[in-house]
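The residues making up each chain are set out below.
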Amino acid sequence: MHLDRLTYYLAGGRPPGGLRTYPGCRDPRHPARTAPIMLPGLLYFATESQVWTGGRAFYDPGTEPEPGSAPAGKPADSEAELPARAYLLTPQQFSDIAAQEMYREPGEDLDLTEALTRGRSRIGPGRYETLVCAGLLDGCPVLTFTAPWSSKDIALNPPSAPYLRHIAAGIVAAHGWSPLRAAEYLAGCPGAQGHWTATDIAALLTAPGTS
């Protein structure tokens, strides 16, 4: 959600408060354009983050499309939408960012053909090795990566306070939502729901030291 944090994936380095140094992309240029978008599906938290501790954020776009169908399956919740931020990147940059999310050295271009034609492609068993094409934006494919499982097929794990603060601040910055609206959205996401209240998450955005 944060362009500043994306910059560490592009140019390399260790972000403030981070536990990991990123090697960066072969092409470190900033994205040519960014835009706020809403994706059909759910945000949920599961597994254990080595960077933030607590649950990682994953995108559940819904069921896999049938062969030959349009690049969008039925969302896990047909009414659910996920606030996101789109970055206009090159295929090489996208490939290198995906590699870094899997703790691998960047340098190999991904084959995006299946994801672009079928809407989904599993390039490996890892937590961020399932490519999803969620449609088009101004003629460009909206590509992201997530886990191969759905939110109903894995044990949920509550996210940490620093992670929630980071995501909430990103939503506010990208979409112009109020802190409370962003907090209410995150408090209802599987994994956070029942562990974090909207009031608690909103308070993270006004805590001392939060920009």
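As the structure is a prediction and not an experimental result, all values here were calculated from the model. (Residues numbered from 1 in each chain as written. Predicted model: local features only at pLDDT ≥ 70, side-chain atom pairs only at ≥ 80, totals over all residues. Heavy atoms only, no water.)

**Focus on the environment of Thr199**
Point 1. With respect to the helices, strands and loops of the structure, Thr199 is situated in helix H6 (residues 198-205).
Point 2. Sequence-wise, Thr199 and Pro159 are 40 residues apart; in three dimensions their C-alpha atoms are separated by 16 Å. (Helix = DSSP H or I, 4+ residues; strand = E, 2+ residues; numbered from the N terminus.)

**Overview of the packing of helix H1 (residues 3-11) against helix H2 (residues 91-101)**
Point 1. Axis separation between H1 and H2 bottoms out at 9 Å; the angle between their running directions is 95°. What the angle tells us is that H1 and H2 run roughly perpendicular. The residues of H2 that touch H1, namely those facing Leu6, Tyr8, Tyr9 and Leu10, are Gln93, Ile97, Gln100 and Glu101.
Point 2. In terms of residue class, the contact of H1 with H2 is made up of 5 nonpolar, 2 polar and 1 charged. (Axes fitted to C-alpha atoms, helices over the stretch in contact; angles between N-to-C directions. Parallel < 35°, antiparallel > 145°, perpendicular 65-115°, else oblique. Contact = heavy atoms within 4.5 Å. Nonpolar A, V, L, I, M, F, W, Y, C, P; charged D, E, K, R; others polar.)

**A closer look at the domain arrangement of the protein chain**
Point 1. Taken domain by domain, the protein chain consists of domain 1 (3-66 + 79-146) and domain 2 (161-206).
Point 2. If you average the C-alpha positions of domain 1 and of domain 2, the two centres end up 20 Å apart.
Point 3. Each partner contributes residues to the interface: domain 1 has 16 residues there, and domain 2 has 15 residues.
Point 4. The contact between domain 1 and domain 2 buries some 1300 Å² in all, and 75% of this surface belongs to carbon and sulfur atoms.
Point 5. Summed over the three residues of domain 1 that lose the most area to domain 2, namely Phe45, Trp52 and Pro83, the buried surface amounts to 46% of that side.
Point 6. Our enumeration of links across domain 1 and domain 2 arrives at 4 residue pairs in polar contact (both at pLDDT 80 or more).
Point 7. Every element with two or more residues in the side of domain 1 that touches domain 2 is listed here: strand S1 (34-40), strand S2 (42-46), strand S3 (56-60) and strand S4 (81-87).
Point 8. Among the elements that take part in the side of domain 1 that touches domain 2, S4 stands out by supplying 5 residues, more than any other.
Point 9. Residue classes in the side of domain 1 that touches domain 2 are distributed as 11 nonpolar, 1 polar and 4 charged. (Domains from an automatic or database assignment. Buried area = accessible area lost by both parts, 1.4 Å probe. Polar contact = N/O pair within 3.5 Å; in protein donor to acceptor, adjacent residues only side chain to side chain.)

**Description of the nonpolar core**
Point 1. One finds Leu43, Phe45, Tyr185, Leu186 and Ile201 to be the most contacted residues of the largest nonpolar core, which totals 31 residues.
Point 2. Residue assignment for this core shows that the elements contributing at least two residues are S1, S2, S3, S4, helix H4 (161-175), helix H5 (179-187) and H6.
Point 3. For this core, the leading source of residues is H4, giving 6 residues.
Point 4. Domain assignment of the residues forming this core places at least three in each of domain 1 (3-66 + 79-146) and domain 2 (161-206).
Point 5. Within the second largest apolar cluster, 20 residues are counted, among which are Phe94, Ala98, Leu131 and Phe145. (Core = buried A, V, L, I, M, F, W, Y, C linked by side-chain atoms within 4.5 Å. Buried < 20%, exposed > 50% of the residue type's maximum accessible area, 1.4 Å probe, protein only.)

**Observations concerning the environment of Pro141**
Point 1. Tracing the chain through its elements places Pro141 in strand S7 (residues 140-146).
Point 2. Once the C-alpha coordinates of Pro141 and Leu88 are considered, the two residues, 53 residues apart in sequence, prove to be 9.7 Å apart.
Point 3. Non-local contacts of Pro141, meaning those with residues more than four positions away in its chain, are made with Leu116, Cys133, Gly135 and Leu136.

**Describing the pattern of salt bridges**
A side chain of one charge can pair with a side chain of the opposite charge if their charged atoms are brought near each other.
Point 1. A complete count under the given rule lists 6 salt bridges for this structure.
Point 2. Its salt-bridge partner being Asp109, residue Arg26 comes within 2.6 Å of it at the nearest N-O pair. Pair noted here: Arg26 is in the loop between H1 and S1 and Asp109 is in the loop between H2 and helix H3 (113-118), with a separation of 83 residues, a long-range link.
Point 3. Taking relative accessible area as the criterion, Arg26 reaches 37% and is therefore assigned partly exposed.
Point 4. The partner of Glu129 in a salt bridge is Arg104, and the shortest N-O contact between them spans 2.4 Å. You can see Glu129 sitting in the loop between strand S5 (120-122) and strand S6 (130-137) and its partner Arg104 sitting in the loop between H2 and H3, a full 25 residues away along the chain.
Point 5. Each member of the salt-bridge network shares a partner with another, and the members are Arg26, Asp96 and Asp109. (Salt bridge = Lys/Arg side-chain N within 4 Å of Asp/Glu carboxyl O.)

**Section: H5**
Point 1. For H5, every residue scored as buried is listed here: Ala182, Ala183, Tyr185, Leu186 and Ala187.
Point 2. Buried-residue contacts for H5 involve S2, S4, H4 and H6.

**Concerning unusual backbone geometry**
Point 1. The phi torsion at Tyr103 lies on the positive side, around 60°, for a residue other than glycine.
Point 2. By the secondary structure assignment, Tyr103 is in the loop between H2 and H3.
Point 3. A relative accessible area of 34% places Tyr103 in the partly exposed class.
Point 4. Within the chain, Asp138 stands out as a residue other than glycine whose phi angle is a positive 55°.
Point 5. Among the secondary structure elements, Asp138 is positioned in the loop between S6 and S7.
Point 6. In this structure Asp138 comes out as exposed when scored by relative accessible area, which is 60%.

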